[in-house]
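In case you want the letters, here they are:
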Amino acid sequence: MSRLVVVSNRIADPRKTAAGGLAVALGQALEASGGLWFGWSGRIAENGAPGQGEVNRQQAGAVQLVTLDLSREDHDSYYLNYSSGVLWPVLHYRLDLADFDSGGIAGYRRVNQLFAQKLKALLRPDDIIWVHDYHLIPLAAELRAMGCEQRIGFFLHVPLPPPLMLAALPEHDWLMRSLFAYDLVGFQSQTDVTHFERYASDELRAQWVGQHGWHAFGKTLQVRAFPIGIDVDEFQALGEGKDAREMFEQLRSDYARRRLLVGVERMDYSKGLPQRLKAFRTLLQNYPENQGSATLIQIASPSRESVDAYAALRAELESLSGAINGEHGELDWMPLRYIHRNVARKRLPGLYRAAAVALVTPLRDGMNLVAKEFVAAQDPADPGVLVLSRFAGAAEQLSEALQVNPYDTARTAETIQRALQMPLAERQQRHAALLQRIRAQDVHWWRENFLRALRDTQEPEKEP
Ligand code: ADQ
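Small disclaimer: the values here were computed from a predicted structure and weren't measured.

**Quick notes on helix H10 (residues 273-286)**
Across its 14 residues, H10 extends 20 Å between first and last C-alpha, which sits within 8% of the 20 Å expected from 1.5 Å per residue. When H10 is considered as a whole, its buried residues turn out to be Leu273, Pro274, Arg276, Leu277, Ala279, Phe280, Thr282, Leu283 and Leu284.

So this is what it looks like as structure tokens:
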């Protein structure tokens, strides 16, 4: 069996609970092949020179974790300015928030070159390489330029917008062309695949060759959707743990005579938080029976706070939540518990299970794993209801959720009301269908499908 090499911006020790399902799933595949996981250490070498860095090695069971510290200049241009300040907003359809003048592109290329150079020194000829996410789009092109002929796959965790929106990126041609250095490119949803195909044919003049294949620049690339899942068993086992049970019991007793709604995310403008709070306010206004009862616990953990758009979002949410509690709060009840902190992963299943309704209403999301975790955490005999944005990648799979357009405040409020009033039999039916699907298409299914497709690609072709 070939050794698996995973490359991502950040890496996690797969043996730690806090690492989450993706790290566990990748960890298992890495473990089985004595693999290597390569990425940024999360540390900044304040005195480091741009384009340079030393690798750190650590052994986690059979898996080698190899990380690289980044110089301050590389970190700021590659990670803050370009990945977070340009690519993230454009890929989430937010051209208005992209800072095209930040000059981060040079650092983005430099760090991808640095990754390629350090990684190449560690590679074996029959390794199979799996690169993750938008930070590392040109990595395969850099590796190929250095002579690497291994099979290389790429998975984009975030959405791919339509061609004309991508075309707003000054370097879109270079970036999208560089995908052709991979053997396989995976997206979260069929919508993303369609956007890629339209871009490839209209902008790159690539030819469709059947069987998921696109031919351009002397190379055939396989392109398919691989919707990511969660590790349902791992998450349910977490729900059996002491921390999750205590969380559940505490909330159940605190809210015995009230209805609990929950939202959990990183604080990010893609997640539709202001729109959600407005819909919740409309719920309280339009359906007064919820006054004194419906309580939303909204967790929005700190994320990328040094990027301007995130600081503005934080201020907006603080002001909105103050307004909602001011307008609707009573001496013995506050409608909104807004928490700008992290919740320990081991408590999350208890929080989800105590909720009658989950609000997962991003404006755009590659997939959204919170939606799947919420379903996994429910008691099948008395399950909560998932209200899901049609703009999350997860909406393609989770058709039994109550789907909403988060920009439509009144209808979203109406759908939340429907969720709060849904009869038990309908809740059970919808939950059973959702649970079956997230179980069938879990994170192991996702990983195996991707790696099988990557192994099944043609032998890497030599550059003409
Ligand atoms: P994210 O944007 O981070 O991921 P998501 O998939 O919802 O979004 O969450 C990832 C994980 O973080 C989940 O396991 C969730 O429980 C956890 N998490 C989120 N907020 C938390 C909080 N406040 N406290 C504790 N845990 C929290 C990106 C893409 C998604 C895609 C994933 C995986 O943006 O669209 O689903 O990658 O591909």
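**Things to note about the domain arrangement of the protein**
Looking at the protein, the domain boundaries give domain 1 (4-229 + 444-456) and domain 2 (232-440). One C-alpha centre belongs to domain 1, the other to domain 2; they are set 30 Å apart. With 26 residues of domain 1 in contact, the opposing surface of domain 2 contributes 22 residues. Across the domain 1 to domain 2 interface the summed buried area is about 1900 Å²; carbon plus sulfur atoms make up 62%. Taken together, the links from domain 1 to domain 2 amount to zero salt bridges. At the boundary of domain 1 and domain 2, one finds five residue pairs in polar contact (both at pLDDT 80 or more). Only helix H1 (21-32), helix H2 (72-91) and helix H7 (190-202) provide two or more residues apiece to the side of domain 1 that touches domain 2. Its residues placed into classes, the side of domain 1 that touches domain 2 shows 14 nonpolar, eleven polar and one charged.

**A word on the site of the ligand**
Looking at the ligand, there are 22 residues lining it, with His157, Arg266, Asp365, Met367 and Glu373 nearest. Val343 places a main-chain nitrogen or oxygen 3.4 Å from a nitrogen atom of the ligand. When isolated, the ligand has an accessible area of 710 Å², and the protein chains bury 84% of it. Listing elements by their share of the shell around the ligand, those giving two or more residues are strand E11 (259-266), strand E12 (294-301), helix H12 (348-354) and helix H13 (369-377). Looking at the shell around the ligand residue by residue, the classes come out as ten nonpolar, six polar and six charged. A domain-level breakdown of the shell around the ligand finds at least three residues from each of domain 1 (4-229 + 444-456) and domain 2 (232-440).

**A word on the pattern of salt bridges**
With the rule as written, the count across this model stands at 25 salt bridges. One salt bridge in this structure joins Asp183 and Lys219, with 3.4 Å as the shortest N-O distance. On the criterion of sequence distance, the pair formed by Asp183 in the loop between helix H6 (172-177) and strand E7 (184-187) and Lys219 in strand E10 (residues 219-225) is long-range, its members being 36 residues apart. No difference in accessibility class separates Asp183 from Lys219, as the two residues are buried. With its nearest N and O atoms 3.5 Å apart, the salt bridge here joins Arg411 to Asp408. The exposure class assigned to Asp408 is partly exposed, which follows from its relative accessible area of 24%.

**Focus on the sheet that holds strand E4 (residues 63-71)**
The ten strands are arranged E3-E4-E2-E1-E5-E6-E7-E10-E9-E8 in an open sheet whose pairing can be described as mixed. The sheet is open, and its two edges are formed by strand E3 (55-60) and strand E8 (207-210), each paired on a single side. Taking each pair of neighbouring strands and ignoring which way they run, the sheet shows an average axis angle of 25°. With five bridges joining them, strand E5 (residues 128-132) and strand E6 (residues 151-155) adopt parallel strand pairing. For Ile129, the partnering residue across the bridge sits in E6 and is Ile152.

Each value, and the rule that gives it
Residues numbered from 1 in each chain as written. Predicted model: local features only at pLDDT ≥ 70, side-chain atom pairs only at ≥ 80, totals over all residues. Heavy atoms only, no water. Helix = DSSP H or I, 4+ residues; strand = E, 2+ residues; numbered from the N terminus. Expected span 1.5 Å × (residues − 1). Buried < 20%, exposed > 50% of the residue type's maximum accessible area, 1.4 Å probe, protein only. Domains from an automatic or database assignment. Contact = heavy atoms within 4.5 Å. Buried area = accessible area lost by both parts, 1.4 Å probe. Salt bridge = Lys/Arg side-chain N within 4 Å of Asp/Glu carboxyl O. Polar contact = N/O pair within 3.5 Å; in protein donor to acceptor, adjacent residues only side chain to side chain. Nonpolar A, V, L, I, M, F, W, Y, C, P; charged D, E, K, R; others polar. Near = heavy atom within 4 Å. Areas by Shrake-Rupley, 256 points an atom, 1.4 Å probe, with all protein chains shown as cover. Pairing = 2+ DSSP bridges. Axes fitted to C-alpha atoms, helices over the stretch in contact; angles between N-to-C directions.

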